Amino acid sequence: MSDPTANLERAISAVYEREQAFGEALQADADAEYEYEIAYATALLSADGANADTRKAQAVLASQDAFKKHLHAKATKKFCDVKLTDAQNAQTARQSLLSRDTRTQFGSMGRGA
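Thoughts on the overall build of the chain
Link 1 in the chain: For the chain, the helix and strand inventory stands at 3 helices and 0 strands.
Link 2 in the chain: Its helices and strands taken in sequence order, the chain reads α-α-α from the N to the C terminus.
Link 3 in the chain: Each of the three principal axes of the chain carries a C-alpha extent, and together these read 90 × 20 × 20 Å.
Link 4 in the chain: Each of the 113 residues in the chain was classed as buried or not, and the buried ones make up 20%.
Link 5 in the chain: The long-range fraction of contacts in the chain, counting pairs at least 24 apart against all pairs at least 6 apart in sequence, stands at 76%.
Link 6 in the chain: Carbon and sulfur atoms provide 55% of the accessible area of the chain, an area that totals close to 8400 Å².
Link 7 in the chain: Each charge sign in the chain was given a centre, from 14 positive and 16 negative side chains, and these centres are 8 Å apart.

In structure tokens, the structure reads:
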């Protein structure tokens, strides 16, 4: 049988690692969104078109690589968020099991002198 305390320590480490990955993903998403917004705005300002829709379409095409990177970073952030939540849930479950085992162990010792 595995050691509940060791399992909890591993779960805490997993949460920490996933928090770090999520933080990095947040930063990458913010950077990618910024790059896309700048690329789109720059392209929109330099677009030559008869009307606003044409200029917007040109700007979208001109900034498509930045938009793709932004979508990828956003998806990575979401994935890291889900993994972090899963790790937090696993940690909570392990804490509950350890707490239950501790109560059971000390409860079986009885009370009294």
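Right, picking up where we left off after that structure.
Quick word on the nonpolar core
Link 1 in the chain: Residues Val15, Phe22, Ala25, Cys80, Leu84 and Ala87 constitute the largest nonpolar core, which totals 6 residues.
Link 2 in the chain: Other than its neighbours up to four places away in sequence, Ala25 contacts Thr76, Lys77 and Cys80.
Link 3 in the chain: By size, the runner-up hydrophobic cluster in this structure holds 5 residues, among which are Tyr40, Ala43, Ala59 and Ala66.

Structural notes on the pattern of salt bridges
Link 1 in the chain: Applying the stated rule across the entire model yields 1 salt bridge.
Link 2 in the chain: Note that Lys77 is salt-bridged to Asp29, the shortest N-O span being 3.1 Å. Linking Lys77 in helix α3 (residues 64-107) with Asp29 in helix α1 (residues 4-46), this pair joins segments that are 48 residues apart in sequence.
Link 3 in the chain: Among the residues examined, Lys77 registers a relative accessible area of 24% and is labelled partly exposed.
Link 4 in the chain: Residue classification places Asp29 among the buried positions, given a relative accessible area of 6%.

Quick word on the environment of Thr85
Link 1 in the chain: The topology assignment puts Thr85 in helix α3.
Link 2 in the chain: Through-space distance from the C-alpha of Thr85 to that of Phe67 is 27 Å; in sequence the pair is 18 residues apart.

Some points on the packing of aromatic side chains
Link 1 in the chain: Going through the model one piece at a time under the given rule, you end up with 2 aromatic pairs.
Link 2 in the chain: Look at Tyr36 and Tyr40: their rings are 6.0 Å apart centre to centre, the planes differ by 40 degrees, and that puts the pair in the tilted class. One end of the pair, Tyr36, and the other, Tyr40, are both in helix α1, 4 residues apart, so they sit about a helical turn from each other. Like Tyr36, the residue Tyr40 is buried in the burial classification.
Link 3 in the chain: Note on Tyr36 and Phe67: the rings are 4.8 Å apart at their centroids and 50 degrees apart in plane angle, and the pair reads as tilted.

Rules behind the numbers
Residues numbered from 1 in each chain as written. Predicted model: local features only at pLDDT ≥ 70, side-chain atom pairs only at ≥ 80, totals over all residues. Heavy atoms only, no water. Helix = DSSP H or I, 4+ residues; strand = E, 2+ residues; numbered from the N terminus. Buried < 20%, exposed > 50% of the residue type's maximum accessible area, 1.4 Å probe, protein only. Contact = heavy atoms within 4.5 Å. Areas by Shrake-Rupley, 256 points an atom, 1.4 Å probe, with all protein chains shown as cover. Lys, Arg positive; Asp, Glu negative; His and termini not counted. Charge placed at Lys NZ, Arg CZ, Asp CG, Glu CD. Core = buried A, V, L, I, M, F, W, Y, C linked by side-chain atoms within 4.5 Å. Salt bridge = Lys/Arg side-chain N within 4 Å of Asp/Glu carboxyl O. Phe/Tyr/Trp six-rings, centres within 6.5 Å; stacked < 30°, edge-to-face > 60°.

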